[in-house]
Amino acid sequence: MKTLDVVLGLQWGDEGKGKIVDVLAERYPVVARFQGGPNAGHSIHFGNTSFVLHSVPSGVFREGSINIIGNGVVLDPTIFREECQAIEALGVPVRERVKIAKRTNLIVPTHKLLDAADEAALGKSKIGSTLKGIGPAYSDKTGRNGLRVGDILGGDFKEKYDILKHKHMLRLGQYDFTFPFDLEKAEEQWFRDAEYIKGFDIIDGEYEVNSLLGSDKAILAEGAQGSMLDVDFGSYPFVTSSSTACAGACTGLGVAPSRIGKVYGVFKAYCTRVGSGPFPTELGDATGELMRQRGHEFGATTGRPRRTGWLDIPALKFAVMLSGVTELVMMKADVLDGFETVRVACGYRVDGVRTDRVPYDVYAEVEPVYKEFKGWKCDLENCRREEDLPAEFMEYIRYIEREVGVPISILSLGPDRDQTIIRK
Ligand code: IMO
Ligand code: MG
């Protein structure tokens, strides 16, 4: 019996989960997404090809792979169809490689309208949602109103859709909100795309996943977003609407906690956040701008410039605690090449009191307490073995390992598959 190993983002999303899943997929015949939806943007680079995945698991480019969209995901048929066609255009047999759980909830066009209306109503305190309809779709799921992939196969799909749409229209009518959106056109397309989904293997995800594990197929669960955006433990309400921590892989795929094996926690050597909400180590100065430019920190889903700042150890420890991370994966340290000094928040001062806990209050005054490191002034991008890494950089990563108490087993020093050091 194989274990379910999990890849998670430990920060505010955009840690580089897509690249790591693609690299690890060499060892995992099955990759499964367990939460989130097309708010995710997982970038993969190999050879001259770059691709951003939103709904399809990042194992899809590996020959012979099985890629499961799990029940915990919310799926937008239109975005899914566009994505699959773009993958197919690269010569990848996407229908052979992707399977979808029946219990996966669907995003309908009015979810996007509700998302936009909710955000407009919040005004200055908006969440900065990706406007993909994520929050409203999960609300309908837990409110027991949702439509699921399995419903597409039923004869009463259109009726179910109309009931849901009616509820949405009633709600939308209460908002003082207009948005340039051709609902009728979007709906027609949406129904065609729901039909398109029928061309895929629609499965009982929980049975399939457990029987794959039972037949000795290792599965890698691919998280979306990050721990600090978790609906319970993130900086609520500036969060996404799903469980981004390890436990989400159990409910989002139908796998028991005792089946979890390795938990890979992915983090960048610095931090970024897109959308609103607290970000204690945010820079907002020339150094922050340099990180943004060097790291190409612009949203893969929305194109928005990402907020940038130094690595935040209290947040990292919090994420590791929540998910029982067994191995750390550090991304993009090469972005900091050439910096004179590199800083890390080793604690906070919250309302003047020193702590290393992430505060409950999102409006608390959090002042990071920094530790400074000498910059490594060389091109990490060209390092392919641990022996090539400069002493200053080794000091930086050993400090993180000591503080967090988990080894960094993978270092990614550039976007390409081969710019990866697997440590012993
Ligand atoms: P990946 O998987 C970064 C952020 C949004 C917003 C908040 C809520 O690429 O790491 P939502 O659309 O979920 O209602 O938005 O969460 N957000 C992400 N930020 N990476 C992501 O995904 C994100 N998915 C959502 O910017 O602040
Ligand atoms: Mg992203």
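Higher on the page you've got the structure.
Counting of residues starts from 1 at the beginning of each chain's written sequence and follows it residue by residue. Written order decides the labels, with chains lettered from A and ligands numbered from 1. Thresholds applied to this predicted model are a pLDDT of at least 70 for local features of residues and 80 or more for the giving and counting of side-chain atom pairs; totals over whole chains, interfaces and linings are not thresholded and use all residues. The side-chain figures draw on all heavy atoms in the structure; neither hydrogens nor water molecules are used.

Trainee: Run through the pattern of salt bridges, naming residues and quoting values.
Mentor: By salt bridge we mean one thing: a side-chain nitrogen of Lys or Arg within 4 Å of a carboxyl oxygen of Asp or Glu. The full count for this structure, using the stated rule, is 31 salt bridges. Ionic pairing is found between Asp156 and Lys160, a salt bridge with its closest N-O pair at 4.0 Å. Using a 1.4 Å probe on the protein chains alone, a residue whose accessible area is under 20% of its type maximum counts as buried, one over 50% counts as exposed, and one in between counts as partly exposed. When its relative accessible area of 32% is taken as the criterion, Lys160 is described as partly exposed. Among the ionic pairs, Glu187 bridges to Lys165, the shortest N-O distance being 3.1 Å. Here Glu187, found in helix 8 (residues 183-197), pairs with Lys165, found in helix 7 (residues 157-173); they are 22 residues apart in sequence, far enough to count as distant. Secondary structure is summarised from DSSP: a helix means a run of H or I of at least four residues, a strand means a run of E of at least two, and numbering begins at the N terminus for each.

Trainee: Provide a residue-level description of helix 13 (residues 391-404), including the pertinent values.
Mentor: Taking 1.5 Å per residue, 14 residues should reach 20 Å; helix 13 reaches 20 Å between its end C-alpha atoms and fits that length. Taken residue by residue, helix 13 has Phe393, Met394, Tyr396, Ile397, Tyr399, Ile400, Glu401 and Val404 as its buried positions. Each helix should span, by expectation, one fewer than its residue count multiplied by 1.5 Å.

Trainee: So, the site of ligand 1: which residues are in play, and what are the values?
Mentor: A molecule or strand has a residue near it when one of that residue's heavy atoms lies within 4 Å. What surrounds ligand 1 is a group of 21 residues, the closest being Asp14, Lys17, His42, Thr130 and Thr240. Counting of polar contacts relies on pairs of N or O atoms within 3.5 Å, with two restrictions inside protein: one atom must be capable of donating a hydrogen and the other of accepting it, and residues adjacent in sequence are counted only when both atoms are side-chain atoms. In this structure, an oxygen atom belonging to ligand 1 sits 2.9 Å away from a side-chain N or O atom of Asn39. A distance of 2.9 Å separates an oxygen atom of ligand 1 from a polar atom in the side chain of Arg304. Protein chains bury 97% of the 550 Å² of accessible surface belonging to ligand 1 in isolation. Here the Shrake-Rupley method, with its probe set to 1.4 Å, supplies the accessible areas, and only the displayed protein chains count as covering residues.

Trainee: I'd like a description of the nonpolar core, backed by residues and values.
Mentor: Counting 60 residues, the largest nonpolar core has Met330, Phe393, Tyr396 and Ile400 as its most contacted members. The element contributing the most residues to this core is helix 13, with seven residues. Note that the domain bounds reflect an automated or database-derived domain assignment. Formed jointly, this core draws a minimum of three residues from each of two domains, domain 1 (4-104 + 201-263) and domain 3 (269-324 + 331-407). In contact with Ile400, other than residues within four places in its own chain, are Phe267, Leu311, Ile313, Leu316, Met330, Gly405 and Ile408. Throughout this description, the term nonpolar core refers to a set of buried Ala, Val, Leu, Ile, Met, Phe, Trp, Tyr and Cys residues connected via side-chain atoms within 4.5 Å. Within the second largest apolar cluster, 31 residues are counted, among which are Leu75, Val92, Tyr161 and Tyr196. Note on definitions: a residue-residue contact is assigned when non-hydrogen atoms from the two residues lie within 4.5 Å.

Trainee: Account for the packing of helix 12 (residues 313-323) against helix 13, with residues named and values stated.
Mentor: Packing of helix 12 against helix 13 leaves a shortest axis separation of 10 Å and a crossing angle of 50 degrees. One element, helix 12, and the other, helix 13, form an angle in the oblique class. Considering only the axes of helix 12 and helix 13, their crossing is right-handed. Contacts between helix 12 and helix 13 pair Ile313, Leu316, Lys317 and Val320 from the former with Tyr399, Ile400, Glu403 and Val404 from the latter. For the contact of helix 12 with helix 13, the class distribution of residues is six nonpolar, no polar and two charged. Fitted lines through C-alpha atoms give the axes, limited to the stretch in contact for helices. The angle between two N-to-C directions lies from 0 to 180 degrees. Angles are sorted into four bins: roughly parallel if under 35 degrees, roughly antiparallel if over 145, roughly perpendicular if 65 to 115, and oblique for all others. By definition, turning the near helix anticlockwise from the far helix through less than a right angle yields a left-handed crossing, and turning it clockwise yields a right-handed one. Put simply, Ala, Val, Leu, Ile, Met, Phe, Trp, Tyr, Cys and Pro go in the nonpolar bin, Asp, Glu, Lys and Arg in the charged bin, and everything else, Gly too, in the polar bin.

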